[in-house]
Amino acid sequence: MKFKDMKWNIPNILSFYRLLMFPVILVLVFLKQEQWFVILFSINLITDILDGLIARTFNMQTEEGAVLDSIADVGSFILAGLGIYQFHIYLFTDYGYWLILFIILFVASSLICQLKYKRPTAGLHLYS
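Thresholds applied
Residues numbered from 1 in each chain as written. Predicted model: local features only at pLDDT ≥ 70, side-chain atom pairs only at ≥ 80, totals over all residues. Heavy atoms only, no water. Helix = DSSP H or I, 4+ residues; strand = E, 2+ residues; numbered from the N terminus. Buried < 20%, exposed > 50% of the residue type's maximum accessible area, 1.4 Å probe, protein only. Contact = heavy atoms within 4.5 Å. Areas by Shrake-Rupley, 256 points an atom, 1.4 Å probe, with all protein chains shown as cover. 1 Å grid on protein atoms, 1.4 Å probe; cavity = no way out; pocket = protein on both sides within 12 Å on 5 of 7 lines; lining within 4 Å. Points joined across faces, edges and corners; volume = space filled by probe spheres on them. Nonpolar A, V, L, I, M, F, W, Y, C, P; charged D, E, K, R; others polar. Axes fitted to C-alpha atoms, helices over the stretch in contact; angles between N-to-C directions. Parallel < 35°, antiparallel > 145°, perpendicular 65-115°, else oblique. Left-handed = near helix turned anticlockwise from the far one by under 90°. Expected span 1.5 Å × (residues − 1). Phe/Tyr/Trp six-rings, centres within 6.5 Å; stacked < 30°, edge-to-face > 60°.

Trainee: Sorry if this is basic, but what is going on with the overall build of the protein chain here?
Mentor: What the protein chain contains, in helices and strands, is five helices and zero strands. Burial status across the protein chain gives 27% buried among its 128 residues. For the protein chain, restricting intrachain contacts to residue pairs at least 6 apart in sequence, the fraction spanning at least 24 positions comes to 71%. On the protein chain, roughly 9100 Å² of surface is accessible, and the fraction owed to carbon and sulfur atoms is 72%.

Right, here's the structure in full:
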């Protein structure tokens, strides 16, 4: 996928926005700016909902958009984990077993998808 050849529609722009905001929100984690982290991370989550909804509703789905969205989703997972660790460490210490179970299930589902469909989960999106 070449940047200049990408189809720039509203859903892809929203996904690209999420990618651009990743380093900004990451800096907020390290600066311990919880309020701004929550605000910008929430906006990212809303744009995640909107990009898929708009793409499906107006038939604007593209291969590039699916890739952008999946990469941005991974960034969101990373930011969520770092944010919880930085601002609410007790969730890791008090509920560590649940966190480990979640990670195992996430990795297992990714591996099963890779084995069954011969491609990573990056290309699979659900309506739910």
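Continuing now.
Trainee: Is there a simple way to explain the layout of surface pockets in this structure?
Mentor: The rolling of a water-molecule-sized probe over the atoms marks out the regions of remaining empty space. Considering only enclosed or pocket space, the second largest pocket measures out at about 360 Å³ in volume. Counting only elements with at least two residues in the lining of the second largest pocket, the list comes to helix H3 (63–87), helix H4 (90–94) and helix H5 (96–117). Tallied by class, the residues present in the lining of the second largest pocket amount to 10 nonpolar, one polar and no charged.

Trainee: Please clarify how the packing of helix H1 (residues 10–30) against H3 should be interpreted in this entry.
Mentor: When two helices pack together, their arrangement is given by the angle between the helix axes and by the axis-to-axis distance. Contact geometry of H1 with H3 gives a least axis separation of 9 Å together with a crossing angle of 20°. Between H1 and H3, the angle falls in the class roughly parallel. Our pair here, H1 against H3, has a crossing hand that is left-handed. Taken together, the residues of the contact of H1 with H3 sort by class into 15 nonpolar, seven polar and three charged.

Trainee: Looking at this structure, how should I read H5?
Mentor: One turn of the α-helix equals 3.6 residues, which is why residues spaced by three or four share an orientation. When the terminal C-alpha atoms of H5 are compared, their 31 Å separation across 22 residues agrees well with the 32 Å that a helix rising 1.5 Å per residue should span. Directly beyond the C-terminal end of H5, a positive phi value near 60° is found at Lys118.

Trainee: Explain the packing of aromatic side chains here, please?
Mentor: By convention here, two paired aromatic rings are described through the distance between centres and the angle between planes. Counting across every chain of the model gives six aromatic pairs. With a centroid separation of 5.3 Å and an interplanar angle of 80°, the aromatic rings of Trp8 and Phe16 are classed as edge-to-face. Using a relative accessible area of 23% as the deciding quantity, one classes Phe16 as partly exposed. Through pairs of rings, three or more aromatic residues link up here, namely Phe37, Phe41 and Phe87.

Trainee: I'm lost on helix H2 (residues 34–57) in this one. Help?
Mentor: Compared with the 34 Å implied by 1.5 Å per residue over 24 residues, the 34 Å span of H2 between its first and last C-alpha is a close match. Taken together, the buried positions of H2 are Phe37, Leu40, Phe41, Asn44, Thr47, Asp51, Gly52 and Ala55. Residues of H2 that are buried sit in contact with H1 and H3.

Trainee: I'm lost on the packing of H1 against H2 in this one. Help?
Mentor: H2 packs onto H1 with a crossing angle of 165° between their chain directions and a minimal axis gap of 9 Å. Taken as axis vectors, H1 and H2 run roughly antiparallel relative to one another. Between H1 and H2 lies a crossing whose hand is left-handed. In this structure, H1 contributes Ile10, Pro11, Leu14, Ser15, Tyr17, Arg18, Met21, Val24, Ile25, Leu28 and Val29 to the contact, and H2 contributes Trp36, Phe37, Leu40, Phe41, Ile43, Asn44, Thr47, Asp48, Leu50, Asp51, Ile54 and Ala55. Taken together, the residues that form the contact of H1 with H2 break down as 17 nonpolar, three polar and three charged.

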